[in-house]
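Here's the letter readout for the chains.
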Amino acid sequence: MTPTAGPAQGNHRATYREVLAEPRFRLLFSTRAVSITADALRITTFSVLVYSSTGSALLSAVAFGTGFLPQLFGSLLLGSLADRLPPRALITGGYAVTCAAALLLALVRVPIAASLAVVALVSLATPVFHGASSRLVAQSLKGDAYVLGRSLNNIAGAGAQLFGLALGGVAVAALGPRRALAVSALLYLGCALAVRIRLPRLRPTEYGGTPGGAVGERGAVRASLQGAGLLLRGRTVRRLMLAQWLPPAFVAGAEGLIVAYAGERHFAPGWYAVLMGCLPVGMLVGDLLVGRLLRPRGRERLVVPLTVLSGLPLIGFAAQPGVGVSSCLLLLAGFGYAYGLGLQRPFLDALPPEGRGQAFGLLGSGSMTLQGVGPVCLGSVAAGLGTGGAIAVAGGAVTLTAGWMLTWHRAGREPSRTTIPASTTASS
């Protein structure tokens, strides 16, 4: 892997207890888990609401994707605000705006086009306050504690998403889609109040922002585009972002075909749900074991092997396995997702301190966008090769990505940090 720089090169192994002892991380971690639950509840309930109003499966799918796809544009156009505005106001405002949007959809009967526009506008701002939150986490946790913090966020995020989906089904059945949306609004409101009350107000020197950081729209857009361009032009940052974007996108594409695969193989009703649950279960176990048992350098040495493990089992679907074998293959692929833990320290070390918020926002929004595109691309492949063949293609693509990552060892020494000129972070 790309060599890390500075004090993060130590091989001290942190513990989850140490990470959770940090008050600022504990607050951001808990509110993020609640907001992910609210996200899953809001997005699925909104999709149900659109389908019940229109009877259109296409519009229902568009309603589901509208919460994800605009995030990349928001990161590119507004991402610099994550480094330039006070984090408490930014994070609180993000949760408050999302709460207001959910309440609007719950209480006011607006045309479908207008409701889709509301969700899209909120999604544009999502990378900004998520980037500010991730930046604070990186400032609060040092060395291996930061990696375990990311591990905890991954574990809690997967669990919260599953809980949110289950809660959505129960809430829609018991309350109807509009009242279920109001439940998600209450969860966002709780997050906003918790951050507003418990997160201290930080001076610009404490969060790395620029005094007088509030900027006009034109200045923010220009600075965001310049900052994103400089980040992506840096070879180290670009490689590490692609390494965290591509395998999840390919695996998400394979995951999107599981229901169709179970149907083609005539599995008993309900088995598709078991298969769908195998990937997240494998991810949870992998994050726990790799995060807790291995030292930092051990995780970084295993990045390529674990990436191979996330792709190689999927190639086995070319043989059209039955339920038992398919479950085992998906569990192994999910375990390999822990490869990302070994990339966290190199990625953090490669980022300029003045652009970390934007970088984290870009990382998350790019990943969400590609994971939305992956199922569409693999669905097209399945039309020609069948679902088993398409899942195998996804596994092959992950394995090829691992081979590309292996070539980094042969590259010459390169700068470990991208420098963003002051003109992109100063107020315009």
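Treat the numbers as computed from the prediction; the structure is a model and nothing was measured. (Residues numbered from 1 in each chain as written. Predicted model: local features only at pLDDT ≥ 70, side-chain atom pairs only at ≥ 80, totals over all residues. Heavy atoms only, no water.)

**Student:** I keep staring at the overall build of the protein and nothing clicks. Help me out?
**Tutor:** The helix and strand tally for the protein stands at 20 helices and zero strands. For the protein, buried positions account for 52% of its 428 residues. A fraction of 87% describes how many contacts in the protein between residues 6 or more apart in sequence connect residues 24 or more apart. As displayed, the protein offers around 18,000 Å² of accessible surface, 67% of which is attributable to carbon and sulfur atoms. (Helix = DSSP H or I, 4+ residues; strand = E, 2+ residues; numbered from the N terminus. Buried < 20%, exposed > 50% of the residue type's maximum accessible area, 1.4 Å probe, protein only. Contact = heavy atoms within 4.5 Å. Areas by Shrake-Rupley, 256 points an atom, 1.4 Å probe, with all protein chains shown as cover.)

**Student:** What am I meant to see in helix H12 (residues 235-255) here?
**Tutor:** Think of an α-helix as 3.6 residues a turn; residues three or four steps apart then line up on the same face. Between its first and last C-alpha atoms H12 spans 30 Å; for 21 residues at 1.5 Å apiece the expected length is 30 Å, and the two agree. Within H12, 15 of the 21 residues are buried, which leaves the element mostly enclosed by the surrounding structure. (Expected span 1.5 Å × (residues − 1).)

**Student:** Before we go on, may I ask you to explain the packing of aromatic side chains in this structure?
**Tutor:** Any aromatic ring pair is given by two values, namely how distant the centres are and how the planes are angled relative to each other. Taken as a whole and assessed by the stated rule, the structure comprises six aromatic pairs. On the basis of an interplanar angle of 85° and a centroid distance of 5.3 Å, the ring pair of Trp 404 and Trp 408 is categorised as edge-to-face. The exposure class assigned to Trp 404 is partly exposed, which follows from its relative accessible area of 30%. Among the aromatic residues, those joined into a cluster by ring pairs are Tyr 261, Phe 267 and Phe 317. (Phe/Tyr/Trp six-rings, centres within 6.5 Å; stacked < 30°, edge-to-face > 60°.)

**Student:** Would you mind going over the side chain of Ser 123 with me for this structure?
**Tutor:** Mapped onto the fold, Ser 123 is located in helix H7 (residues 112-140). Residue Ser 123 is classed as buried on the basis of its relative accessible area of 2%. Here Val 119 takes part through its backbone oxygen, which lies 2.9 Å from a polar atom of the side chain of Ser 123. Among all residues touching Ser 123, those that are not within four sequence positions of it are Thr 66, Gly 67, Phe 68, Pro 70 and Gln 71. (Polar contact = N/O pair within 3.5 Å; in protein donor to acceptor, adjacent residues only side chain to side chain.)

**Student:** Please clarify how helix H4 (residues 71-78) should be interpreted in this entry.
**Tutor:** Turning to H4, its buried residues are Gln 71, Gly 74 and Ser 75. Buried residues of H4 fall within an arc of 100° about the axis and therefore sit on the same side. In this structure, the buried residues of H4 make contact with H7 and helix H19 (356-406). (Arc of directions from axis to C-beta.)

**Student:** Before we go on, may I ask you to explain the pattern of salt bridges in this structure?
**Tutor:** Pairing between side chains of opposite charge can happen when the charged atoms of each approach one another. For the structure shown, the criterion picks out five salt bridges. Residue Asp 39 pairs with Arg 32 through a salt bridge whose shortest N-O separation is 4.0 Å. You can call Asp 39 buried: its relative accessible area is 18%. Taking relative accessible area as the criterion, Arg 32 reaches 24% and is therefore assigned partly exposed. With its nearest N and O atoms 2.5 Å apart, the salt bridge here joins Asp 144 to Arg 299. Taken as a pair, Asp 144 in helix H8 (residues 144-175) and Arg 299 in helix H15 (residues 296-301) lie far apart in primary sequence, 155 residues in all. Judged by relative accessible area, Asp 144 falls into the buried class, the value being 4%. Through salt bridges with shared partners, a single ionic network connects Arg 32, Asp 39 and Arg 42. (Salt bridge = Lys/Arg side-chain N within 4 Å of Asp/Glu carboxyl O.)

**Student:** Hey, could you run me through a nonpolar patch on the surface in this one?
**Tutor:** A contiguous nonpolar surface patch, about 480 Å² in accessible area, is contributed by Val 281, Val 285, Leu 288, Leu 289, Leu 293 and Leu 331. Of all the elements, helix H14 (residues 271-293) adds the most residues to the nonpolar patch, at five residues. As for its placement among the helices and strands, Leu 288 is situated in helix H14. (Patch = residues over 30% accessible without salt bridge, like charges linked within 9 Å, V, L, I, M, F, W, Y side chains within 5 Å.)

**Student:** Explain the side chain of Arg 150 here, please?
**Tutor:** Mapped onto the elements, Arg 150 comes out in helix H8. Excluding its chain neighbours within four sequence positions, the residues that come into contact with Arg 150 are Gln 344, Phe 360 and Leu 363.

**Student:** Quick question: what am I supposed to make of the state of the cysteines here?
**Tutor:** Disulfides are covalent bonds that link the sulfur atoms of two cysteine residues. One pass over the structure, following the stated rule, counts zero disulfides. For Cys 191, which is in no disulfide, the shortest distance to another cysteine sulfur is to Cys 99 and amounts to 9.8 Å. Accessibility expressed as a relative area gives 3% for Cys 191, which makes it buried. Not part of a disulfide, Cys 278 finds its nearest cysteine sulfur in Cys 328, a span of 7.9 Å. Cys 278 gets classed as buried once you look at its relative accessible area, which sits at 8%. (Disulfide = S-S within 2.5 Å.)

**Student:** I tried to follow the nonpolar core on my own but got confused; where do I start?
**Tutor:** One broad trend across soluble globular proteins is that nonpolar side chains are buried collectively. Core analysis: the largest hydrophobic core is formed by 64 residues, its most contacted members being Tyr 95, Met 241 and Phe 347. No other element matches the seven residues that H8 contributes to this core. One finds Ala 254, Leu 314, Ala 333 and Ala 382 within the second-largest nonpolar core, a separate group that totals 24 residues. (Core = buried A, V, L, I, M, F, W, Y, C linked by side-chain atoms within 4.5 Å.)

**Student:** Would you explain the packing of H4 against H7 in this entry?
**Tutor:** To describe two helices that pack against each other, one gives the angle between their axes and the distance between the axes. As a packed pair, H4 and H7 sit with axes 7 Å apart at the nearest point and diverge in direction by 60°. One finds that H4 runs oblique with respect to H7. You can see that H4 and H7 cross each other, and the crossing is right-handed. The segment H4 lies against H7, with Gln 71, Phe 73, Gly 74, Ser 75 and Leu 78 engaging Ser 123, Leu 124, Thr 126, Pro 127 and Val 128. Taken together, the residues of the contact of H4 with H7 sort by class into five nonpolar, five polar and no charged. (Axes fitted to C-alpha atoms, helices over the stretch in contact; angles between N-to-C directions. Parallel < 35°, antiparallel > 145°, perpendicular 65-115°, else oblique. Left-handed = near helix turned anticlockwise from the far one by under 90°. Nonpolar A, V, L, I, M, F, W, Y, C, P; charged D, E, K, R; others polar.)

Read these as spatial facts, not as claims about activity.
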